[in-house]
Protein chains: 14
Amino acid sequence: MGLLAAGIGAGIVAVGAGIGIGMIGKSATESIARQPEASGDIRGAMILTAALIEGVALIGAIVCILLALGIGG
Amino acid sequence: MGLLAAGIGAGIVAVGAGIGIGMIGKSATESIARQPEASGDIRGAMILTAALIEGVALIGAIVCILLALGIGG
Amino acid sequence: MGLLAAGIGAGIVAVGAGIGIGMIGKSATESIARQPEASGDIRGAMILTAALIEGVALIGAIVCILLALGIGG
Amino acid sequence: MGLLAAGIGAGIVAVGAGIGIGMIGKSATESIARQPEASGDIRGAMILTAALIEGVALIGAIVCILLALGIGG
Amino acid sequence: MGLLAAGIGAGIVAVGAGIGIGMIGKSATESIARQPEASGDIRGAMILTAALIEGVALIGAIVCILLALGIGG
Amino acid sequence: MGLLAAGIGAGIVAVGAGIGIGMIGKSATESIARQPEASGDIRGAMILTAALIEGVALIGAIVCILLALGIGG
Amino acid sequence: MGLLAAGIGAGIVAVGAGIGIGMIGKSATESIARQPEASGDIRGAMILTAALIEGVALIGAIVCILLALGIGG
Amino acid sequence: MGLLAAGIGAGIVAVGAGIGIGMIGKSATESIARQPEASGDIRGAMILTAALIEGVALIGAIVCILLALGIGG
Amino acid sequence: MGLLAAGIGAGIVAVGAGIGIGMIGKSATESIARQPEASGDIRGAMILTAALIEGVALIGAIVCILLALGIGG
Amino acid sequence: MGLLAAGIGAGIVAVGAGIGIGMIGKSATESIARQPEASGDIRGAMILTAALIEGVALIGAIVCILLALGIGG
Amino acid sequence: MGLLAAGIGAGIVAVGAGIGIGMIGKSATESIARQPEASGDIRGAMILTAALIEGVALIGAIVCILLALGIGG
Amino acid sequence: MGLLAAGIGAGIVAVGAGIGIGMIGKSATESIARQPEASGDIRGAMILTAALIEGVALIGAIVCILLALGIGG
Amino acid sequence: MGLLAAGIGAGIVAVGAGIGIGMIGKSATESIARQPEASGDIRGAMILTAALIEGVALIGAIVCILLALGIGG
Amino acid sequence: MGLLAAGIGAGIVAVGAGIGIGMIGKSATESIARQPEASGDIRGAMILTAALIEGVALIGAIVCILLALGIGG
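In this text, all values refer to a predicted model and were calculated from it rather than measured experimentally.

Looking only at helices and strands, chain A has 2 helices and 0 strands in total. Across its three principal axes, chain A shows a C-alpha extent of roughly 50 × 15 × 10 Å. Taken across its 73 residues, chain A has 66% of its residues classed as buried. When the accessible surface of chain A is summed, it comes to about 2,100 Å², and 71% of that surface belongs to carbon and sulfur atoms.

Listed as interface residues are 39 residues of chain K and, on the opposing side, 39 residues of chain J. Interface of chain K and chain J: buried area, both sides summed, is about 3,100 Å²; carbon and sulfur atoms make up 80% of it. By the criterion of area lost to chain J, the three top residues of chain K are L3, T29 and A33 of chain K, representing 16% of everything that side buries. Counting across the interface, chain K meets chain J through 1 salt bridge. Taking the shortest distance from any N to any O, the salt bridge between D41 of chain J and R43 of chain K comes out at 3.5 Å. The tally of links between chain K and chain J comes to 6 residue pairs in polar contact (both at pLDDT 80 or more). Of all elements in the fold, only α1 (2-34) and α2 (39-69) of chain K reach the threshold of two or more residues within the side of chain K that touches chain J. The biggest single contributor to the side of chain K that touches chain J is α1 of chain K, with 24 residues. By residue class, the composition of the side of chain K that touches chain J is 26 nonpolar, 8 polar and 5 charged.

This paragraph deals with the interface of chain I and chain H. Interface size is commonly expressed as the accessible area that is lost once the parts come together. Counting residues at the interface gives 38 residues for chain I, matched by 37 residues for chain H. Summing both partners gives a buried area of about 3,100 Å² for chain I against chain H, and 79% of it is carried by carbon and sulfur. Taken as a group, L3, T29 and A33 of chain I account for 16% of the area that chain I buries against chain H, more than any other trio of residues on that side. Where chain I packs against chain H, one counts 1 salt bridge.

This brings us to the arrangement of the chains. Contact between chain F and chain K is absent, and the least distance between their C-alpha atoms amounts to 26 Å. Taking C-alpha atoms as the reference, chain E and chain L come no closer than 29 Å and do not contact one another.

Turning our attention to the environment of I53 of chain K. Note on placement: I53 of chain K falls in helix α2. Along the chain, I53 of chain K and G16 of chain K lie 37 residues apart, while their C-alpha atoms are 8.4 Å from each other. Not counting chain neighbours up to four residues away, the residues in contact with I53 of chain K comprise A17, G20, I21 and I24 of chain K together with A17, G18, I21 and G22 of chain L.

Turning next to the UniProt feature "transmembrane region" (unreviewed entry) in chain A. The UniProt feature table records "transmembrane region" (unreviewed entry) at residues 6-24 and 45-71 of chain A. End-to-end, the C-alpha atoms of residues 45-71 of chain A are 37 Å apart, and along that stretch the chain is 93% helix and 0% strand.

We now examine the pattern of salt bridges. Residues and elements named next belong to chain L. Within the structure shown, the criterion is met by 28 salt bridges over all chains. E30 is paired through a salt bridge with K26; the nearest N and O atoms lie 3.9 Å apart. A residue pair is termed a helical-turn pair when its members lie 3 or 4 positions apart in one helix, as E30 and K26 do in helix α1 (residues 2-34) at 4 residues.

Further remarks concern the packing of helix α1 (residues 2-34) of chain D against helix α2 (residues 39-69) of chain D. Residues and elements named next belong to chain D. The geometry of α1 relative to α2 is characterised by a closest axis approach of 8 Å and an angle of 175° between their N-to-C directions. Put simply, α1 runs roughly antiparallel to α2. Among the residues making up the contact of α1 with α2, the classes are represented as 19 nonpolar, 7 polar and 1 charged.

Here, UniProt's "domain: V-ATPase proteolipid subunit C-like" (unreviewed entry) annotation points to residues 4-67 of chain A. Each end of residues 4-67 of chain A is marked by a C-alpha atom, and these two atoms are 9 Å apart; helix forms 94% of the span and strand 0%.

With that settled, the discussion passes to helix α2 (residues 39-69) of chain I. The end-to-end C-alpha distance of α2 of chain I, which contains 31 residues, comes to 43 Å, matching closely the 45 Å that a straight helix rising 1.5 Å per residue would cover. Positive phi shows up at G70 of chain I, right after α2 of chain I, with a value of about 75°.

Topologically, S39 of chain A is positioned in helix α2 (residues 39-69). Side-chain polar atoms of S39 of chain A contact the side chain of D41 of chain N, separated by 3.3 Å. Filtering out sequence-adjacent residues up to four positions away, S39 of chain A remains in contact with I32 of chain A together with D41 of chain N.

So, about α1 of chain K. Taking 1.5 Å as the rise per residue, α1 of chain K with 33 residues should run 48 Å; its terminal C-alpha atoms sit 47 Å apart, in good agreement. For α1 of chain K, a buried count of 30 out of 33 residues is recorded, marking the element as mostly surrounded by other parts of the structure.

Across all of its chains, the model carries 0 disulfides over all chains by this definition. Free cysteine C64 of chain B: the closest other cysteine sulfur is in C64 of chain A, separated by 9.2 Å. Residue classification places C64 of chain B among the buried positions, given a relative accessible area of 0%.

Here we come to the environment of S31 of chain J. Structurally, S31 of chain J can be placed in helix α1 (residues 2-34). Judged by its relative accessible area of 1%, S31 of chain J falls in the buried class. Put simply, S31 of chain J and I42 of chain J are 11 residues apart on the chain and 7.4 Å apart in space, counted from C-alpha to C-alpha. Those residues in contact with S31 of chain J, other than ones at most four positions away along the chain, are I42 of chain J together with T29, E30 and A33 of chain K. A distance of 3.3 Å separates the side chain of S31 of chain J from the backbone oxygen of T29 of chain K, its partner in a polar contact.

To continue, consider the side chain of T29 of chain A. Positionally, T29 of chain A belongs in helix α1 (residues 2-34). A distance of 2.7 Å separates polar atoms of two side chains, one belonging to T29 of chain A and the other to S27 of chain N. Other than its neighbours up to four places away in sequence, T29 of chain A contacts S27, A28, S31, I42, A45 and M46 of chain N.

This next bit is on the confidence of the model for chain A. Averaged over every residue, the pLDDT of chain A is 89; the share at 70 or more is 97%. If you check the scores for this complex, the pTM reads 0.88 and the ipTM reads 0.87.

The next point concerns the environment of A14 of chain E. Note that A14 of chain E resides in helix α1 (residues 2-34). Exposure remark for A14 of chain E: the relative accessible area of 2% places this residue in the buried category. Considered as a pair, A14 of chain E and L4 of chain E are 10 residues apart in the sequence and their alpha carbons are 16 Å apart. For A14 of chain E, the residues in contact, after removing those within four places along its chain, are V13, G16, V56 and A57 of chain D.

Criteria and thresholds
- Residues numbered from 1 in each chain as written.
- Chains lettered and ligands numbered in written order.
- Predicted model: local features only at pLDDT ≥ 70, side-chain atom pairs only at ≥ 80, totals over all residues.
- Heavy atoms only, no water.
- Helix = DSSP H or I, 4+ residues; strand = E, 2+ residues; numbered from the N terminus.
- Buried < 20%, exposed > 50% of the residue type's maximum accessible area, 1.4 Å probe, protein only.
- Areas by Shrake-Rupley, 256 points an atom, 1.4 Å probe, with all protein chains shown as cover.
- Contact = heavy atoms within 4.5 Å.
- Buried area = accessible area lost by both parts, 1.4 Å probe.
- Salt bridge = Lys/Arg side-chain N within 4 Å of Asp/Glu carboxyl O.
- Polar contact = N/O pair within 3.5 Å; in protein donor to acceptor, adjacent residues only side chain to side chain.
- Nonpolar A, V, L, I, M, F, W, Y, C, P; charged D, E, K, R; others polar.
- UniProt positions renumbered as here; feature names shortened; annotations may be inferred.
- Axes fitted to C-alpha atoms, helices over the stretch in contact; angles between N-to-C directions.
- Parallel < 35°, antiparallel > 145°, perpendicular 65-115°, else oblique.
- Expected span 1.5 Å × (residues − 1).
- Disulfide = S-S within 2.5 Å.
- pLDDT = per-residue confidence, 0-100.

The following block contains the structure:
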């Protein structure tokens, strides 16, 4: 069961990261295009929120690697 | 069953964090682009709500790590 | 079965919190950008509704922790 | 079966509360930003409808806690 | 089977109430913001339709409590 | 099987009523806000269509109560 | 199997009626608000199409009652 | 298996009729509100297309009644 | 298996016809309202495309009747 | 298994034809309403693309009839 | 298993062709209505992309016919 | 299992190609209608991206043909 | 199990590539139509992001070919 | 189970990368078309966020390759 979970879980983690960081990157590029002189503040908010998602996604990826290698449980 | 739950659960947690923080980050960057002088208030609301989601997501991630390592249950 | 429920349930709880608080945070940042002088009232409504969702989500997270640790049932 | 239901049910309850109260909180913050002088009436309608959802969600959460602790059935 | 149904059913009931009352509360707050002097009529329609949904949702919740406590069937 | 159907069916009935009456209540409050002097006609159409949905939903709820109490079948 | 079908089928019938009559009621109230003097024609089209959906939904509900009471099959 | 199919099939038939006739009724009421003097042509197109959907839905409903009563197969 | 397929298949056929003919009927009524003097051409295109969908749906319905009556296979 | 596939496959084929030809018919009627003098070109493109979908759908329907009658395989 | 795959696969192939060619045909008719004098270029792009989808769909349909007739595998 | 995968996989491949090339063809025809003199550049980008999707889809189709004919694995 | 995974996986990979490159190609053609003189920069960004998706999709396709040919695992 | 997970997981990873990088590439091309002189900043934000998604997706792809080759677990 761990192997099944590793593969499917890794896929869903990538979907989660894709939806979240995708929406942020989408609006960040549009915002810079609309207001180029505020690109510093925009990039700050972009990195801050993207990092929060990336953190959760990496934890999920590590769980999947643990399962794929049969470590733990 | 715990291993299966660990992998899939970690994936769904990442989706949840991605949807939530993604929407917040999306509107935050757009809001800063529209009203750069209110970026302090916007960043405050952004961090406050993102933290609430991050908290729930981290609890979920910890549950998954517990399951992956076979601790408890 | 309790272990399976713990992992998947924790994931769905995070999705619920992400959808709910994400929508609130999204509109709160946009509202502050549109009407900066009403940011006090906006923040009040934001925290009030986010707290209601957070409360339900935390109850769900606690149920999942109980299941993961094998307490009860 | 009760344990499985407790975890997944708690997750779906959180999704329900998130969708419902999230939509209300989203429009409440936007409405206050658009018409700050009507914030009393808006907050009244917001709390009234959010309480109706919160009530159903709490009943669902209590059912899940009962199941998690193995009480009844 | 009754226990499984109780938990998942309670969750879906909450989703139903959340979608329905959430849409009503969303448009009610927006309508009051747009036309504050008609807030009496708006609140009347809001309560009337929300009560119809709440009634069906409470019946569903009672069915789930019956199942969780093992009464009947 | 009857018990499983009772719980899940009750949940789906609530979703049906929520979607239907929610859409009606949503547009009714918006319509009254846009045209307060036609609120009599609007309320009439609102109640008429909401009653049709409520009728089908109550039949569904009664079927679920029958199943939960083990009557019939 | 008949009992399972009765409960879930009753739920899906309610969703069908909710989606259909909900969309009709939604646009009817909006149309009356936009053109109050054509409310007779609008109400006629509303009742005609809602009746067609209600008819199919009632047939479905009767099938579910038959199954719940164990008649036929 | 026939009984299971009868209930669920009846539900999906109702969803199909609800989506189809609902969309037609929705646009018909809006079209009459926008152009009251063309209500004859609009009602003609409305009835024609709604009848095509109703026909397929009734065939589906009859199949489900056959299955519920155990006739044939 | 044939009986199960007959009921569920009949339902999905109705959904297909509902989506397709519903979209056509929706735009046909709106188009007639916008351009009443072109109602002949519009009705022609409407009937042509609706007939193509109706044909496929009727074939599907006939397959389901065959299965329900246990003919063939 | 062939019978199960025949019924459900026939349903999904109808959904496919409904989505595809429905979208084409929807835009064709709207296009004719907007530009009545180009109705020849529009009807040409409409028939061409609808025929491509109809072809694939009929192949799918024939496969389902083969399965329902137990020919081949 | 081959028979089950043939029916359901044929259905999904039709859905794929319906979505793809439907979107192309939808925009092609609208584009011709908006710019009748560019109908040659539009028809060229329409046929080119529709042919790419049709090609993949026909390969899928042939695979399903092979499975339905029990050839190969 | 290979036969089941061949049929369903071929269907999903067609859906993938339909969504992707459909979106590209949709916007290409609209773009040519809006800016006929840039049709060379538009057609270039259209073919380039459609070819990338077609490549992946053809690989998937070949995998399905291999499975349907029982080659390999 | 490897064969089942090869077919369905190849299908989902094609869906992924279709969604991703489809969205990019859709906006690229629209962007070139809106700003023909910036087509060099647009094509650069288009190829860069499409290549990132294509890379992941090709890795997934190779995994599916490995599984279909029974190499490894 | 590892083989099944490898194929389906690789597919879902591609979907995740497709959704995420697709949204970013979509808005990047549109932003460059709207504001060509800010293409440096836009490309920077585009690459930064796309790299974050690509990273998670490659980890998921590597997990799937490990599973396909039967290494580890």
